[in-house]
Amino acid sequence: MSTIEINHNLNQFTDKVITRLNSEDYYYSRDDESRALEAETIRELATFIPKNEKVNTAFLDKVNKSYLSETRSFLSKVIHEAFTNSELSWVLNQRQFLASLLEKTVADKYYLTDAVEVFLKRNVEYLETKEAIENFNFIIELGYSEKDIFNFIYEQFNDDFLYQYTYRREFSTLVDKGQELSLTKFGQVLKTYLANTPTNKLFDFLIGKDAYYSEFREHKLELIYFLRAYFKDVFEKGFVGLTIENENYRNKNIDFDALKFFIKLDTEGYIETIIQHLMDDNKSTIAEQLTMYLLFNEAEEKYNEEIKQCGERYLETTFIKGELRRKEEIFAHKREPYISEAYFNYLVKQDKEAAFERISTFFVESPYLLSHHFDFLEKNYKEEMQPLLILGLKKDKQTYKESRFYFESLTEAFLQSNLDECVDELFDFAFKCTLKDPKDAICGLISKSDAGISRCLELTKSKKAKERAIAVQVLNKLEGEKSLIALAEIVELEGNDDSRDSILQKIHHIRFEKAFTKEKVEAMIEAAALRKKLSKWGEKKLDESSLPKLYYKDGSELDEKAVRFLFYRMKRAKGINSDIEAKQLLQLIDLQKADKFAKTLIQTFKDSNADTKIKYYLTLAGLLGDDQVTAQLISLFNQSMRDTRMKMCEYILGALAMVGTDKALRMIDQVYRKYMNKKPSLAEVAKTSLVAAANELDITLDDLADRIIPNFDFEDNFKTFEVEGEEYRAFINSDFKLNYLNEDNKMRKSMPKGISAEIKKELKEIEKGIREATKGQTLRLERYLVEERRWKNEEWQSFFFNNPILFVYASQLIWGAFDEKGALQESFYCDEDMCFYNAEGDEVELEEEYFIGILHPIYLSEEQLQAWKQVVYDNDIKTVFPILERKIIHPTQEELESNKTDRFKGQKVPRGASFVGTFLERRSWRKEASDGGSAEFKKIHHTKGIAAYPYIEGPAMFYMGEEEATVETIYFGPEGRHFYSCSSGDGKKQFTLKDVPAVFYSEVLADIQELLEA
C-alpha cells in the first residue's frame, strides 16, 4: 500500500469515525460486521504508520484536530483484543506507535490496564519462565512499573499466590508441621525474575508498607517464607519492615500475624532485632509494645519485668487516666482476647491470688470498665467476683453507654453469683438509672432473686412512683401466678400511666379475656377518675361543650367522664390500633349514632394542618365510623393526594383501617396496589394499615384479603335487573366478564338494548370492580397452594360459593379435602352447579369436619395424577394456574438432616444474570440488595415464617449487562435472614429441612430447576 493510498485511507477512516461519533445512535447502531471492519482498518493503519514517520505525524495531526480520545478508544479496543489473545508479536511491532498514541494515562482511561492484567495472567500460566520474564520487560517498556506488574498479577492470582496449598488458612499449619512446600507457577516466575534483576526496587516494594495483600493474611506470611528461603541477604536487611502493618488501621503500626510468624522461625535472633527497632513510642504504641512482649514471653520466658512495666503503664494511660477510646485494642489480631484481658491472664498465670488483688485495685481505680473484664472474672474468679461486679454497677454511665455488650456480660456474670446477697445494690442501681436497656437488664436480674421478688411485691404499694415502676418492671418479667395476681390487684390503683400500661400489657390475656360489660366499663372509668385522670378536659382543639353526643347501644348517653376516658386512653394508644381499655368502651357504643362525633374529629384534624399530636383523632374517628365516615375519609384522601399532602394521606389510611368495613378496607387495598411502584412509601403505609386492621378485627391477613373481595350485591351469583319489562340476570363468566341471561335463559355478552342509564352505569361500575378485584388474585391463590392454606369446610363454601368472582375461581381449580392431621381424604373439582366430583366421576359429599385447600400433586400417587389429568382433559377444565403439571421434588435423607441442598450447585443460568430477577420475581420471589450492590433472592412461606435463601452468584440490583449467573447452595431458615446467615448458623436450635413443608421445598426447587432450564 503506497503512502498516497494510506493517506487516503487515513482521511477516509478518520472522517468515518467523526461521522459515527456525531450520530445520535452511535452507541446502539453498530453491528458485528461494522465493528470487524473498524478493527481491520485500525490494524492496517497501526501496522503501517510506525514505519513512516510522516504518516504518523499526519495521522496524529488529523485526529488532534477532531476526536483524538475517541480514535484512541478505537485503537485501544484492538490492542485489548491483541493482549487478551496473547498476540504478543503484533503488539511488539507496534511498540513505538503505542508509545506515541497510547501513553499509559490514556491506556488506563480506555481499559488497556484490564487487557494488561489478562495478558500477564495468561503469560504466567502458559509460557515458560524465560518468555514470561521477557514479556514483563515489554510491559515495563510500555510505561508500567514492577510494582504495577506485581499488583496486576496478585489480583489475578490472589487465590493461588506463591506456594501450593488447598485451603485459605492452611499455609501456617503446613509450616508448623514442617511440611515441604512447592512453589506455584507465579512463585517460580517471581523467583527467577528477582534473581536476575539488577535493581532492588521490587524488593523495596515487597518489604515496604505500600504492598497490599488483600484480605488474605496468609499471603504476607508466604512472602516472608519465600524471601527467607531464596533471598536471605535481602530478607535479613529488611525483615523488620515486614512486621510493619501495611494498612494503618485505627493507629495500628505492627502486623502481629507477621510478628507471630517470625517467632515461629526465630532460630537466628529475629526477636532481639525487632525489640531494638520497634520498642519505641515513636514506632509503636504502648498497647503494641505490651502485646509484643507477651508474645515474645510465650517463646522464651525472659521478659517478665518488661511485661509488668508495659502492663501497668498501659492500664494507667488507657483506663485510669481516662484515655480509653470507644473500643480497646485487641491482642495480636481479632480472634485473640483484648490487651487488658491478656495482661490479666498473664498475671493469673504468675500468681492467681496476687493477680486478684491487683485486678480488684484496678476495678476500684478505673473510671472505665469494659464487657470483657466481666467475662474474664467469670472464667477465673467465679466465687470471689461479686464485689467487683457491684463496682461495675457504680461506674459512670458513660462507661456502659459506649459499650454495646457491657450489661450483657455483667448480667451473665451476676447470674453465676448469689443474687439474694446483692439485691439491695441491684435495686439501688435500678432506682437511679435513667437508661432504658441497663435498667431493664438489672430488673431482669432482680426477677431471678427470691428476695428481689418479695421486695417487689411490697413496693407495689409504695407511695413513690419510681419504686412502683421498678416493681412493675420486675414483675412483668415473671410468668408465675403470684406476680399476675399482684399486678392485677394494683392495676386500678397505679397512677403512673407508663407503669400501668406495662401492667395491662402483661395481664391483658386475663383481664380482657372476655369483653367488658357496661357495669365493668363504668367501674373502669370510675377508677380512672379516682386516679385523677379525668378531672379536667385535656383536648385544646376541641370544645367539650359543643361535641356531638355519643350513645351506648342500650340508648343511654355517654357522660362527661366516659367521653374524657375515651380521649385519655386513645391518646396512649400505640401505632394505628385502638387502646386496649378504650376498646372495651368502644364495643358498647352505638356506631349508628356516632357519625357526627367522628366527622367532627376528622374536621378538627384537617383544620389543625395534620398536627401529629392529635393524629389519634383520626384513629378514634375510624373506630367510631361506618361507611358514611369512610366516604368522608376517601374524599379527604383524594383531596390530599391532589394537594400532595402525603402525611395526611398516611394518617387517613390508618383511620380507614380502624373503620374496618369492607369498603374502607378495599380502598386501602386499592391504594396499596396502585402505588406499589409509583409511591412505594405510601404503599408501605397502606400495607401496614391492612395489618393493623387485621389485628383490630383479630383475623389473619389472608382472612382480611378474603373479606375485601366484593360481591356487588349479587344473589346466588346473579344480579337481577329489568329492561323494558323483561327480567335479565347478569353473571361473571369464566373469563371474568359480565354476561347476561334473559327470561328464556338465552345468553348474551353485551348489555341488552333499552337498558336505563342508571343500570348501565351500575353495570359499568361492576365491570370496573371485577377488573380491580381480580388483579393479583391468581397469584394470591397460587400462594395459597404453595403455603397449603386450609379453610374449614363451612367457611370454604361460604367464601367461594357466595361470591360471584370467587365462584369462577372455585370452578377452575382442583381441590383437596383434608382431615385435622393434614392427610388427604378426597380430591375433587367443582362444576357450575356447585356439585363436587372426584377423579372417578362420582359425586362427593364433603364431611363437616374436613378442611379444604387447593390440591398439590405431591399428595397424589402417579396413578391418581394420571387419572386427574384425564379428567381435566375430558371436561375441558382450564385451571387458572398450572396444578397437575407442577414438578415434584423430594429432599434426600441426607438433606433432611441439614438446612440446605446442593443439588443444583455450580450450574449456570443459560440466560444470564439479568434473567434471574425477571424470572424469580414473576414466581413471587423477593429481590433484595446485598453487599456490594449484588442481589439476593428469597421465597417466603408466610404462614410458617420460614424462607428459602438461594446463593446465586452474578445478579446485581442494577445494571448487569451480559454477566453470567451461577446457582450455588440453596439454604432454608426462619424468615428475616440472608443466605450467608443461614450458612453460618447463629447458635440457636438447628433448623433442618425436616422443619420445611414438603410442598414448599418442592416448589422452591422446581422454580430453580425451571430457571436453569429456561
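Scroll up to find the structure this text is about.
Residues numbered from 1 in each chain as written. Predicted model: local features only at pLDDT ≥ 70, side-chain atom pairs only at ≥ 80, totals over all residues. Heavy atoms only, no water.

Colleague: Describe the overall build of the protein chain, listing the residues and the values that go with them.
Modeller: Per the secondary structure count, the protein chain includes 51 helices and 15 strands. The 1014 residues of the protein chain split such that 50% are buried. Roughly 52,200 Å² of accessible area belongs to the protein chain as shown, and the carbon and sulfur atoms make up 46% of that amount. (Helix = DSSP H or I, 4+ residues; strand = E, 2+ residues; numbered from the N terminus. Buried < 20%, exposed > 50% of the residue type's maximum accessible area, 1.4 Å probe, protein only. Areas by Shrake-Rupley, 256 points an atom, 1.4 Å probe, with all protein chains shown as cover.)

Colleague: Kindly report on the side chain of Thr992, identifying the contributing residues and their values.
Modeller: On the secondary structure map, Thr992 appears in the loop between helix H50 (979–984) and helix H51 (998–1013). Every residue in contact with Thr992, bar those within four places of it in the chain, is listed here: Leu896, Glu897, Ser898 and Asn899. (Contact = heavy atoms within 4.5 Å.)

Colleague: Break down helix H38 (residues 627–642) for me, with residues and values.
Modeller: For H38, built from 16 residues, the straight-helix expectation of 22 Å at 1.5 Å per residue is met to within 8% by its first-to-last C-alpha distance of 22 Å. For H38, the full list of buried residues reads Val629, Thr630, Leu633, Ile634, Leu636, Phe637, Ser640 and Met641. Buried residues along H38 cover an arc of 165° about the axis, so they all sit on one side. On its buried face, H38 sits against helix H36 (595–607), helix H37 (616–624), helix H39 (646–659), helix H40 (662–674) and helix H41 (680–697). N-cap assignment for H38: the residue whose side-chain oxygen lies 2.9 Å from the backbone N of Gln628 is Asp626. (Expected span 1.5 Å × (residues − 1). Arc of directions from axis to C-beta. Polar contact = N/O pair within 3.5 Å; in protein donor to acceptor, adjacent residues only side chain to side chain.)

Colleague: Please set out the pairing of strand E2 (residues 726–732) residue by residue, giving values where relevant.
Modeller: Here five bridges tie strand E1 (residues 719–723) to E2, and the two strands are oriented antiparallel to one another. If you follow Lys719 over to E2, its bridge partner there is Ala730. Taken together, the four bridges between E2 and strand E3 (residues 738–741) define a ladder with antiparallel strand orientation. Opposite Phe731, over in E3, you have Asn739 as the bridge partner. From the end of E2 to the start of E3, which pair antiparallel, there are five residues, and Phe736 there has a positive phi angle of about 60°. (Pairing = 2+ DSSP bridges.)

Colleague: Which residues make up the packing of H36 against H38, and what values do they have?
Modeller: H38 packs onto H36 with a crossing angle of 15° between their chain directions and a minimal axis gap of 10 Å. It follows that H36 is roughly parallel to H38 by the angle criterion. Crossing of H36 against H38: the hand is right-handed. Residues Asp595, Ala598, Lys599, Ile602 and Lys606 of H36 touch H38, and the partners they reach there are Gln628, Val629, Gln632, Leu633 and Leu636. Broken down by class, the residue content of the contact of H36 with H38 amounts to five nonpolar, two polar and three charged. (Axes fitted to C-alpha atoms, helices over the stretch in contact; angles between N-to-C directions. Parallel < 35°, antiparallel > 145°, perpendicular 65-115°, else oblique. Left-handed = near helix turned anticlockwise from the far one by under 90°. Nonpolar A, V, L, I, M, F, W, Y, C, P; charged D, E, K, R; others polar.)

Colleague: Can you tell me about the nonpolar core, naming the residues and giving the values?
Modeller: Core analysis: the biggest nonpolar cluster contains 196 residues, and Phe226, Phe296, Phe414 and Phe567 have the highest contact counts within it. The element that contributes the greatest number of residues to this core is H39, accounting for ten residues. Leave out the neighbours within four places in its chain, and Phe567 touches Trp537, Glu539, Leu542, Leu547, Phe597, Leu601, Tyr616, Tyr617 and Leu620. In terms of nonpolar packing, the next biggest core, distinct from the first, is built from 57 residues, Phe712, Tyr728, Tyr784 and Trp791 among them. (Core = buried A, V, L, I, M, F, W, Y, C linked by side-chain atoms within 4.5 Å.)

Coordinates in, geometry out; function isn't part of it.
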